[in-house]
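Observations on the model geometry
As a plain string of letters, each chain reads:
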Amino acid sequence: MKIIKSGTPVKTVVGDVKGLVIGVCIRGFGQSHTIEYQVRYFANGDQKDCWVYDFEIEIDRPNNGAGFNRDRSNDNFNDEEPILLLDENNS
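Rules used throughout
- Residues numbered from 1 in each chain as written.
- Predicted model: local features only at pLDDT ≥ 70, side-chain atom pairs only at ≥ 80, totals over all residues.
- Heavy atoms only, no water.
- Pairing = 2+ DSSP bridges.
- Helix = DSSP H or I, 4+ residues; strand = E, 2+ residues; numbered from the N terminus.
- Axes fitted to C-alpha atoms, helices over the stretch in contact; angles between N-to-C directions.
- Buried < 20%, exposed > 50% of the residue type's maximum accessible area, 1.4 Å probe, protein only.
- Core = buried A, V, L, I, M, F, W, Y, C linked by side-chain atoms within 4.5 Å.
- pLDDT = per-residue confidence, 0-100.
- Polar contact = N/O pair within 3.5 Å; in protein donor to acceptor, adjacent residues only side chain to side chain.
- Salt bridge = Lys/Arg side-chain N within 4 Å of Asp/Glu carboxyl O.

This next bit is on the sheet that holds strand E4 (residues 32-43). Strand order in the open sheet made by the five strands is E5-E4-E3-E2-E6, with antiparallel pairing throughout. Looking at the sheet topology across the chains shown, the edges are occupied by strand E5 (46-53) and strand E6 (57-59). Between one strand axis and the next, the sheet turns by 40° as a mean value, whatever way the strands run. Where E4 meets E5, eight bridges bridge the pair, whose relative direction is antiparallel. Pairing of Val39 across the sheet is with Cys50, part of E5.

Written as structure tokens, this is what we have:
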């Protein structure tokens, strides 16, 4: 089971709303489990948060465009860094 760490920037699959994971709720374990994330975001100058299922969000990867003036600070971004793995065989 893969869990996104708290503080990871994410965006919604529909609408591209960007926010930060601030909470995780895991219900069940093994084959029958659901993972919900509490995401904090800004809309119209207000700070808001909501609960979404794991399939509704994805990790917001840094955008490194091509060219001479591109930002190189995110070149070493590790895809596995913001994810925790839980062993489903150990209870």
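What follows covers the pairing of strand E2 (residues 9-12). Here E2 shows one buried face, formed by Val10 and Thr12, and one open face, formed by Pro9 and Lys11. Both E2 and strand E3 (residues 18-29) contribute to a ladder of three bridges, which runs antiparallel. Residue pairing for E3: Val10 is matched across the bridge by Gly19. A loop of five residues connects E2 with E3, the two strands running antiparallel in sequence, and Gly15 in this loop sits at a positive phi of about 95°. Examined bridge by bridge, E2 and E6 share three bridges and lie antiparallel to one another. Each residue of the ladder has a partner; that of Thr12, found in E6, is Ile57.

To continue, consider the pairing of E3. Both E3 and E4 contribute to a ladder of nine bridges, which runs antiparallel. Across the sheet, residue Val21 finds its bridge partner in E4, namely Val39. Between E3 and the antiparallel strand that follows it, E4, lie two residues; Gly30 among them carries a positive phi value of about 80°.

A general feature of soluble globular proteins is that nonpolar side chains tend to end up buried together. Membership of the largest hydrophobic core is limited to 11 residues, which are Met1, Ile3, Ile4, Val10, Val21, Ile35, Tyr37, Val39, Val52, Ile57 and Ile59. Looking at this core, the elements that each hand over two or more residues are strand E1 (2-4), E4 and E6. The element best represented in this core is E4, accounting for three residues.

Atomic detail in the predicted coordinates should be set aside for any region of low pLDDT. Across the chain, pLDDT averages 80, with 69% of residues at or above 70. When mean pLDDT is compared element by element in the chain, E5 scores highest at 95, while strand E7 (residues 83-85) scores lowest at 68.

Bringing the side chain of Gln38 into the picture now. Take Gln38: it is sitting in strand E4. Engagement of the side chain of Gln38 in a polar contact is seen with the side chain of Asp49, the distance being 3.1 Å.

So, on to the pattern of salt bridges. With the rule as written, the count across this model stands at three salt bridges. Of the charged contacts, one joins Asp60 and Lys18 as a salt bridge, the two residues approaching to 3.7 Å between their closest N and O atoms. A residue pair is termed long-range when its members are at least 10 positions apart, and Asp60 in the loop between E6 and E7 and Lys18 in strand E3 qualify at 42 residues. Taking the relative accessible area as the measure of exposure, Asp60 reaches 17% and is therefore buried. Exposure remark for Lys18: the relative accessible area of 54% places this residue in the exposed category.

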